[in-house]
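The residues making up each chain are set out below.
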There are 2 protein chains.
Amino acid sequence: MEKDRVDPLLLRLGGYVAMGAEESEALSRAVRRSPAIQPYEEILGDGSRDVCVLQSGLACQFKLLGNGRRQITGLLVPGDILDFGFLTGTGPQGHFMTLCRSDVGRIPIQSFTALCEQHPRIMQAVLRASAVHAAIGQERVLSLGLRTALERVAHLLCEMYHRLDAVGLVSGRTTYDFRITQAEMGEALGLSTVHINRTLQALRRSGYITMRNGKVTIENMDGLCAEGNFDPAYLANITIGSQARPN
Amino acid sequence: MEKDRVDPLLLRLGGYVAMGAEESEALSRAVRRSPAIQPYEEILGDGSRDVCVLQSGLACQFKLLGNGRRQITGLLVPGDILDFGFLTGTGPQGHFMTLCRSDVGRIPIQSFTALCEQHPRIMQAVLRASAVHAAIGQERVLSLGLRTALERVAHLLCEMYHRLDAVGLVSGRTTYDFRITQAEMGEALGLSTVHINRTLQALRRSGYITMRNGKVTIENMDGLCAEGNFDPAYLANITIGSQARPN
DNA sequence: CGCGGGGTTGATTGGATTCAATAGGCGTGG
DNA sequence: CCACGCCTATTGAATCCAATCAACCCCGCG
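Analysis parameters
- Residues numbered from 1 in each chain as written.
- Chains lettered and ligands numbered in written order.
- Predicted model: local features only at pLDDT ≥ 70, side-chain atom pairs only at ≥ 80, totals over all residues.
- Heavy atoms only, no water.
- Near = heavy atom within 4 Å.
- Polar contact = N/O pair within 3.5 Å; in protein donor to acceptor, adjacent residues only side chain to side chain.
- Helix = DSSP H or I, 4+ residues; strand = E, 2+ residues; numbered from the N terminus.
- Nonpolar A, V, L, I, M, F, W, Y, C, P; charged D, E, K, R; others polar.
- Salt bridge = Lys/Arg side-chain N within 4 Å of Asp/Glu carboxyl O.
- Contact = heavy atoms within 4.5 Å.
- Buried area = accessible area lost by both parts, 1.4 Å probe.

Digging into the protein's contact with DNA strand C
- If you check the shell around DNA strand C, you find 15 residues, and the closest are S192 of chain A together with Q182, N197, R198 and Q201 of chain B.
- A share of 60% is what sugar and phosphate atoms reach among the atoms of DNA strand C within 4 Å of the protein.
- Residue N197 of chain B places a side-chain N or O atom 2.7 Å away from a phosphate oxygen belonging to DNA strand C.
- Contributions of two or more residues to the surface near DNA strand C are made by α7 (193–205) of chain A together with α7 (193–205) of chain B.
- A per-element tally of the surface near DNA strand C places α7 of chain B first, with five residues.
- Here the surface near DNA strand C is composed, by residue class, of four nonpolar, eight polar and three charged.

Structure representation (structure tokens):
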């Protein structure tokens, strides 16, 4: 099973806008692969404006707040563009680092610009990805602002399932790799490590999930979604006009 | 003092990119003014893709979560573009409504597109505004995720000061209009009304602020900033390349 | 004058944190 | 090969910040 998986970026963008072989190839060619990055290594430290894409592994975006407090402001899965600042000509927000061994691809900003000019669909797909990224951010605010611990964790596990599924990283129906420590989960969800631990236990006891070796299996999808108020709609790309809306 | 203030949108965008008289006028001309909107009226309910700008008053963006819970995901001050979805061709995230009597201007999306093509600086400024909008969102995550109640409120009051100052809505050094109820503040900061009340009292007792008639005065800016871990840098527009960065 | 919304206060409750200690897994080095 | 150390997960106890519940005050308004 050492097969070279399809580029997750292609899967991601292809999920937004159907792309022809020519476009896929052009996109693939533009990506510069770098050597694998070790866990807990900072990405994007350099001032380059390249478009960075997580190719494999898991990464996060975070911000520091004096006295050692840290907030993880976003989790990044393969196929994710780390930061969309290049769209507005601004630098990345906060810091980025890997949470496990990962690969990061880069598209030099000039290549990217040329690519988008030649292939409007690619541009369109990137814009959709950016919109979904923003929607994920909104959901994070909802979680931190008014969801209980149980809801936050349940919601996160559902979200990860859908995001990983979109890039073909879910195996056997509902199992996916999620190499994150409980402490990191806490930093992402605004909860203490201890409470994350107890909350995960509750979800396991209820039969919603099982966890083994950094792999999460959702045993009761409906139950977990209900527990976390999860509605996958925000992960889809909704365009006004292209899809007639009920109202 | 009934003078027609300078269009806050011009002040906002002009703060990002210096614009000539021609550009300012073109921008002004593009904005369609609507009749004043009453408090607690929903904006953007229609499916239009117009670029909406708050011209006066105060508004918020919010999302609902079953069982009546509501999270205010953003506060909007004059000069703010309500939603940047038009940049990605997607619809607005969540709902928008006024918090007090307000005016909303609209730029039909076609006019906007034409405007940006003819005046690249306007496009550039809008992109900067979009980036700052995103940065404000990140700070919100920080607040909800790891700031204490006191820090959240202090931070918010500092943020509003800077945002309103940017559009000329601060009077007498540090006084600004902030017609928001404590309940709404709580919904924005993920705190209960009662706790907001007590936190505001603490800030007043410490001599950081005074409040009267919906007007906030910051009496001790340094103290309030320190209390809220507030650093105004994220409200500035930082562009890679245009400004040399220390590192 | 009664009503309603917003602000204030006190008492109580509770979800989550913090502190503290133990257990398990894994890599390194003796 | 085992010992040691480190990191992560787990558990229990105590504490605390903020929520909830419940009045009450104040004021503008019909």
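Examining the pattern of salt bridges
Residues and elements named next belong to chain A.
- The final tally for this structure, using the stated rule, is 24 salt bridges over all chains.
- Taking the shortest distance from any N to any O, the salt bridge between D177 and R179 comes out at 3.0 Å.
- In the salt-bridge network here, residues are joined through shared partners; they are R12, D80, E159 and R163.

Some words on the protein's contact with DNA strand D
- For DNA strand D, the set of nearby residues contains 16 residues, the closest of which are Q182, N197, R198 and Q201 of chain A together with S192 of chain B.
- Each atom of DNA strand D within 4 Å of the protein was assigned to sugar, phosphate or base; sugar and phosphate come to 62%.
- Interatomic distance of 2.8 Å between a side-chain N/O atom of S192 of chain B and a phosphate oxygen of DNA strand D.
- Broken down by secondary-structure element, the contributors of at least two residues to the surface near DNA strand D are α7 of chain A together with α7 of chain B.
- For the surface near DNA strand D, the element with the highest residue contribution is α7 of chain A, accounting for five residues.
- When its residues are assigned to classes, the surface near DNA strand D shows five nonpolar, eight polar and three charged.

Topic: the interface of chain B and chain A
- The interface is formed by 38 residues belonging to chain B together with 38 residues belonging to chain A.
- Taken over both partners, the interface formed by chain B and chain A buries close to 3,400 Å², and the fraction arising from carbon and sulfur atoms is 61%.
- The interface formed by chain B and chain A holds four salt bridges in total.
- Note that E151 of chain A and R69 of chain B form a salt bridge whose closest N and O atoms lie 2.8 Å from each other.
- Linking chain B with chain A are ten residue pairs in polar contact (both at pLDDT 80 or more), by the criterion used here.
- At the level of secondary structure, the elements contributing two or more residues to the side of chain B that touches chain A comprise β4 (59–65), β5 (69–76) and α4 (120–146) of chain B.
- By residue class, the composition of the side of chain B that touches chain A is 13 nonpolar, 16 polar and nine charged.

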